[in-house]
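Spelled out from the first residue to the last, the chains are:
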Amino acid sequence: MPHIHIETFKPIPFPAQHEGVTFHYMASNVKHNNEHLIATTLEDKEFFLLVKDVPENVLLKSEKITRPAPTYIVKRALNAYASLSQAKVLSSNVNDTSKNIHLEKDASLWNIHDFAEKFPDAKDVRIEVGFGSGRHLLHQAKENPDILFIGIEIHKPSVEQALKQINIFGLDNVILLDYDARLFLELVPSNIVSRIYVHFPVPWDKKPHRRVISTAFINESTRVLAPLGQLELRTDSENYFAYSWETFISLTKARLQVNKNQEIAISSKYEDRWKKMEKNIYDITLINEEESQPLSIEGSFAFSKGLDEERLLALTGSTHKNKSGFVHFERSYKTTDGAILLRLSLGSFERPEHLYVRVDTDITDYLYTKPVPSKVNFMMHKFLDGLLHG
Ligand SMILES: C[S@@+](CC[C@H](N)C(=O)[O-])C[C@H]1O[C@@H](n2cnc3c(N)ncnc32)[C@H](O)[C@@H]1O
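Residues numbered from 1 in each chain as written. Predicted model: local features only at pLDDT ≥ 70, side-chain atom pairs only at ≥ 80, totals over all residues. Heavy atoms only, no water.

Across its full length, the chain holds 10 helices and 20 strands. For 390 residues, the compact-globule estimate of 2.2 N^0.38 gives 21 Å, and the chain sits close to it at 23 Å. Across its three principal axes, the chain shows a C-alpha extent of roughly 60 × 50 × 40 Å. When burial is assessed residue by residue, the chain has 50% of its 390 residues classed as buried. Partitioning the intrachain contacts of the chain with sequence separation of at least 6 by distance along the chain shows that 68% fall at a separation of at least 24. When the accessible surface of the chain is summed, it comes to about 19000 Å², and 49% of that surface belongs to carbon and sulfur atoms. Looking at charge distribution, the chain has the averaged site of its 47 positive side-chain charges lying 3 Å from that of its 51 negative ones. (Helix = DSSP H or I, 4+ residues; strand = E, 2+ residues; numbered from the N terminus. Rg over C-alpha atoms; globule rule 2.2 N^0.38 Å. Buried < 20%, exposed > 50% of the residue type's maximum accessible area, 1.4 Å probe, protein only. Contact = heavy atoms within 4.5 Å. Areas by Shrake-Rupley, 256 points an atom, 1.4 Å probe, with all protein chains shown as cover. Lys, Arg positive; Asp, Glu negative; His and termini not counted. Charge placed at Lys NZ, Arg CZ, Asp CG, Glu CD.)

See below:
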């Protein structure tokens, strides 16, 4: 990830503009005075830069939750801040800040809120979860120009790699999303998807709550699949296969198929690796037989008003649960323009979201993205508003 090591951190007078980048304000961690966030805008992207003391020097990098794609945006912002604050640069991996010609067109890269506002219209939709190198996704898209493919991946460099390929091959039937596929599924209208591919998901043997396959994921998949639509799991991990099989057969009703070492049209990078090692490959296919109820989610992410600093700062480090999920207050910051900024996780126990909330006297809002509009998130938002404003 792009970063710069500087000798000492020098705050600048905010707001400021330099090399096309706007720095709005700084937010300083209330408990650790060596960590600051800088609210930044470049082109239409809003995000934080993170400044942190590390042994012997200071690290300037992008902040994880708000980090924008493509990477050149972050690189330009980092260089602009270093130059504006006249920082002495000790080392940097931010050299090439040019926009990659194949990333200039990013119409195929949607964000989660684009889907929430208007789900793309298509007769046939297929979804690939965790497309990695994109080999399977792009092969399918080239072979089936009349089908819309939605590729979801949380690893940003893989998303950029796939975006380049889409632009090089001029594909207009692929949409990419850099987001947790488990949450994305909750926004997909019912009965419209013909295939969901989950090929070689990370087994997460030590952190099973991070696995893609779960009862909630299978239930959501069944809801979004059209009758006779299929959810395809392909894995080399015997453990993951056994876990998934147990999860699939615990459903009250399902049509399932299991295959071992079955060849498919295109072998992914992972598959090639496992084949070379002569590992077995397992497939579980769920065939949906039912028509589901239409998706209906309504709610609001508006907050009440008021800034009670003592109340807000007392929340730092605390966790609050109810029947649907939880809110955990991770860190608190005071901003140079008089607001309180909170970093928190919110949502269901298995799929929380990491968010920032800025509380000002006359307005409280999420920065820079709101939670995904799911039923649980609307409920947990209300709960959060109560914690912040009473
Ligand atoms: C082992 S790789 C397999 C990649 C590809 N399917 C293949 O067969 O080569 C698993 C991929 O899933 C992605 N991933 C893991 N959890 C995810 C999630 N919840 N939503 C979307 N992508 C996820 C990871 O970033 C990783 O690229």
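Still more to cover.
Here the focus is the environment of Ile 287. Mapped onto the elements, Ile 287 comes out in strand E15 (residues 282–287). Ile 287 sits 97 residues away from Leu 384 along the chain, and the two C-alpha atoms are 39 Å apart. The contact partners of Ile 287, leaving out residues within four places of it in the chain, are Leu 228, Gly 229, Gln 230, Arg 255 and Gln 257.

The strand order across the open sheet built from eight strands is E8-E11-E10-E9-E12-E13-E15-E14, with neighbouring strands paired in mixed fashion. The outermost strands of the open sheet, each flanked by one partner alone, are strand E8 (109–110) and strand E14 (255–260). In terms of strand pairing, strand E10 (residues 148–152) meets strand E11 (residues 174–177) through four bridges, oriented parallel. Counterpart to Ile 150 in the pairing with E11 is Ile 175. The strands touched by helix H4 (residues 156–169) are E8 and E11; relative to E11, the strand with the most contacts, the crossing angle is about 160 degrees. Together, strand E13 (225–235), E14 and E15 form the strand contacts of helix H7 (residues 238–249), whose direction differs from that of E15 by roughly 20 degrees. (Pairing = 2+ DSSP bridges. Axes fitted to C-alpha atoms, helices over the stretch in contact; angles between N-to-C directions.)

Neighbouring residues of the ligand: 18 residues in total, closest Gly 130, Glu 153, Ala 181, His 199 and Ser 268. Asp 180 places a side-chain nitrogen or oxygen 3.0 Å from a nitrogen atom of the ligand. The side chain of Ser 268 places a nitrogen or oxygen atom 2.7 Å from an oxygen atom of the ligand. (Near = heavy atom within 4 Å. Polar contact = N/O pair within 3.5 Å; in protein donor to acceptor, adjacent residues only side chain to side chain.)

Before going further, it helps to spend a moment on the packing of aromatic side chains. Per the counting criterion, the structure on display carries 15 aromatic pairs. Plain terms: the ring middles of Tyr 240 and Tyr 243 are 5.8 Å apart, the flat faces sit at 55 degrees to each other, and that makes the pair tilted. In this pair, Tyr 240 and Tyr 243 are both assigned in helix H7, three residues apart and thus about one turn of the helix distant. A relative accessible area of 0% means that Tyr 240 is categorised as buried. An angle of 50 degrees between the planes, with centres 6.3 Å apart, marks the rings of Tyr 270 and Trp 274 as tilted. Linking Tyr 270 with Trp 274, this pair stays in helix H8 (residues 269–276), spanning four residues, or about one helical turn. (Phe/Tyr/Trp six-rings, centres within 6.5 Å; stacked < 30°, edge-to-face > 60°.)

Another point: the environment of Ile 213. Counting through the fold element by element, Ile 213 comes out in the loop between strand E12 (193–199) and helix H6 (215–224). Here Ile 213 falls in the buried class, since its relative accessible area comes to 0%. Dropping the residues within four chain positions of it, Ile 213 is found in contact with Ile 218, Leu 233, Tyr 240, Tyr 243, Ser 244 and Phe 248.

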